[in-house]
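One letter stands for each residue in the lines below.
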Amino acid sequence: MTTYDDRASLTDLTATVERVRSSVEGVIEGKPEVVRLSLTVLLAEGHLLIEDVPGVGKTMLAKALARSIDCSVRRIQFTPDLLPSDITGVSIWDQQRRDFEFKPGAVFAQIVIGDEINRASPKTQSALLESMEERQVTIDGQTYELPSPFMVVATQNPVEMEGTYPLPEAQRDRFMARVSVGYPSVEAELQMLDVHGGVSPLEDLQPVAHAHEIVKLIEAVRGVHVSEAVRRYAVELVAATRSHPDLRLGASPRATLHLLRAAKASAALAGRDYALPDDLQDLAVAVLAHRLLPTAQAQLNRRTAEQVVLEILQGTAVPASPRQHGGFGSLGRTMPAYPQQPPRGL
């Protein structure tokens, strides 16, 4: 069992993440919040869904993150003719040994990039379900463990839906967060022309962190303290989605776990060894919105899942410190509940 003394310190975490962040931001211009969310998901042991229109850098973001870490990387181009065995692997008869030999598929890597994941059939998409949740693959009754760290970064285009297969809810629920890259600002796009005009910056991108460093940082994030009040706040936020009149499907208990893990990673990235309600609020839309299904009436009224999450944040009481009151964040409520006892150091 890993002890706190064996874990990386917050100083080590900040220094390592800063190197990775700078490396990725050298490729993705003007999107620091997107890069930070990607690193948050990585340290929280989650998977990331990048959803946006063509040409804004979805695949480049995934590749930049993968190349910044010295680990195994596999890219899967999802197409209608892709088979589940192409992802998980297949057992092949070996004539010399007179036995079946397992040939690992593309999922046996530490970072798996799934490009245009919604272009494959539901049967092929389901090949990722076990690996994303349990970090293992079962073939012919034999279970194979996946390497650590393990992260799936998938992209999809929500505009061109012809010939695509929307992700089923079970698949979407396994992604910790969804992010949209969005169009760059004018200044960022001008800088992109200078940097990317002659050669792709991915060609010169070198690893700035090792896989074993990321594993240690993940262990450090697990030790971030979360008070009872903050845990209850997370549960109340998720529970509110299940009874909201504009939603026909709320968030699952897995969403609560993902929200809490992401909040712990966000706190560690901020140099804190304890989580605050601020961390939950900052991540609520990214973690919860893609899991929600609006009702038909809400869709007619052009109500989005993101708007519903923001409404729930406004309507859910923030835990207050018993000793302090005042403005809190951008929502103007009471101060958050800090840990009553100082958490153990990392």
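Residues numbered from 1 in each chain as written. Predicted model: local features only at pLDDT ≥ 70, side-chain atom pairs only at ≥ 80, totals over all residues. Heavy atoms only, no water.

**Section: a nonpolar patch on the surface**
Taken together, the side chains of Val-186, Leu-190 and Leu-193 present a nonpolar region at the surface, about 310 Å² in accessible area. Checked against the element boundaries, Leu-190 lands in helix α8 (residues 186-196). (Patch = residues over 30% accessible without salt bridge, like charges linked within 9 Å, V, L, I, M, F, W, Y side chains within 5 Å. Areas by Shrake-Rupley, 256 points an atom, 1.4 Å probe, with all protein chains shown as cover. Salt bridge = Lys/Arg side-chain N within 4 Å of Asp/Glu carboxyl O. Helix = DSSP H or I, 4+ residues; strand = E, 2+ residues; numbered from the N terminus.)

**Some thoughts on the side chain of Asp-279**
Note that Asp-279 resides in helix α12 (residues 277-288). For Asp-279, a relative accessible area of 2% translates into the label buried. Those residues in contact with Asp-279, other than ones at most four positions away along the chain, are Ala-263, Ser-266, Ala-267, Arg-272 and Tyr-274. (Buried < 20%, exposed > 50% of the residue type's maximum accessible area, 1.4 Å probe, protein only. Contact = heavy atoms within 4.5 Å.)

**Comments concerning the sheet that holds strand β6 (residues 111-115)**
Overall, parallel pairing links the five strands, which are arranged β3-β6-β9-β1-β10 in an open sheet. Lying at the two open borders of the sheet, with one neighbouring strand each, are β3 (73-77) and β10 (177-179). On average, each strand axis in the sheet is tilted by 15° relative to the strand beside it, whichever way the strands run. The pairing of β6 with strand β9 (residues 151-156) spans four bridges and is parallel. Within β9, the residue paired with Ile-113 across the bridge is Val-153. (Pairing = 2+ DSSP bridges. Axes fitted to C-alpha atoms, helices over the stretch in contact; angles between N-to-C directions.)

**With respect to the packing of aromatic side chains**
On inspection of all chains with the given rule, the structure shows four aromatic pairs. A ring pair is formed by Trp-93 and Phe-100, whose centres lie 5.1 Å apart and whose planes are at 75°; its orientation type is edge-to-face. Ring centres of Phe-102 and Tyr-144 lie 4.1 Å apart, and the angle between their planes is 10°; on these two criteria the pair is classed as stacked. Of the two residues, Phe-102 sits in strand β5 (residues 99-104) while Tyr-144 sits in strand β8 (residues 142-145), which places them 42 residues apart along the sequence. We classify Tyr-144 as partly exposed; its relative accessible area is 23%. (Phe/Tyr/Trp six-rings, centres within 6.5 Å; stacked < 30°, edge-to-face > 60°.)

**Observations concerning the packing of helix α1 (residues 10-25) against helix α2 (residues 32-43)**
Between α1 and α2, the shortest axis-to-axis distance is 10 Å and the interhelical angle comes to 135°. As the angle between them shows, α1 and α2 are arranged oblique. Relative to α2, α1 is oriented so that their crossing is right-handed. Contacts between α1 and α2 involve Leu-13, Val-17, Val-20, Arg-21, Val-24 and Glu-25 from the first element and Pro-32, Val-35, Leu-39 and Leu-43 from the second. For the contact of α1 with α2, the residue count by class is eight nonpolar, no polar and two charged. (Parallel < 35°, antiparallel > 145°, perpendicular 65-115°, else oblique. Left-handed = near helix turned anticlockwise from the far one by under 90°. Nonpolar A, V, L, I, M, F, W, Y, C, P; charged D, E, K, R; others polar.)

**Brief notes about helix α11 (residues 253-269)**
Given a rise of 1.5 Å per residue, 17 residues ought to cover 24 Å, and the 25 Å separating the end C-alpha atoms of α11 matches this to within 8%. Across the 17 residues that make up α11, a large majority, twelve, are buried. Listed in full, the buried residues belonging to α11 are Ala-255, Thr-256, His-258, Leu-259, Ala-262, Ala-263, Lys-264, Ala-265, Ser-266, Ala-267, Ala-268 and Leu-269. Just beyond α11, the residue with positive phi is Gly-271, at close to 85°. (Expected span 1.5 Å × (residues − 1).)

**Side note on the pattern of salt bridges**
Taken as a whole, this structure holds 18 salt bridges when the rule is applied. A salt bridge links Glu-306 to Arg-178, with the shortest nitrogen-to-oxygen separation between them at 2.5 Å. Within this pair, whereas Glu-306 is found in helix α14 (residues 305-315), its partner Arg-178 is found in strand β10, the two being separated by 128 residues in sequence. With a relative accessible area of 29%, Glu-306 lands in the partly exposed category. For Arg-178, a relative accessible area of 15% translates into the label buried. One salt bridge in this structure joins Glu-228 and Arg-231, with 2.6 Å as the shortest N-O distance. Of this pair, Glu-228 and Arg-231 are both found in helix α10 (residues 228-242), three residues apart, which corresponds to roughly one turn of the helix. Residue class for Arg-231 comes out partly exposed when judged on its relative accessible area of 35%.

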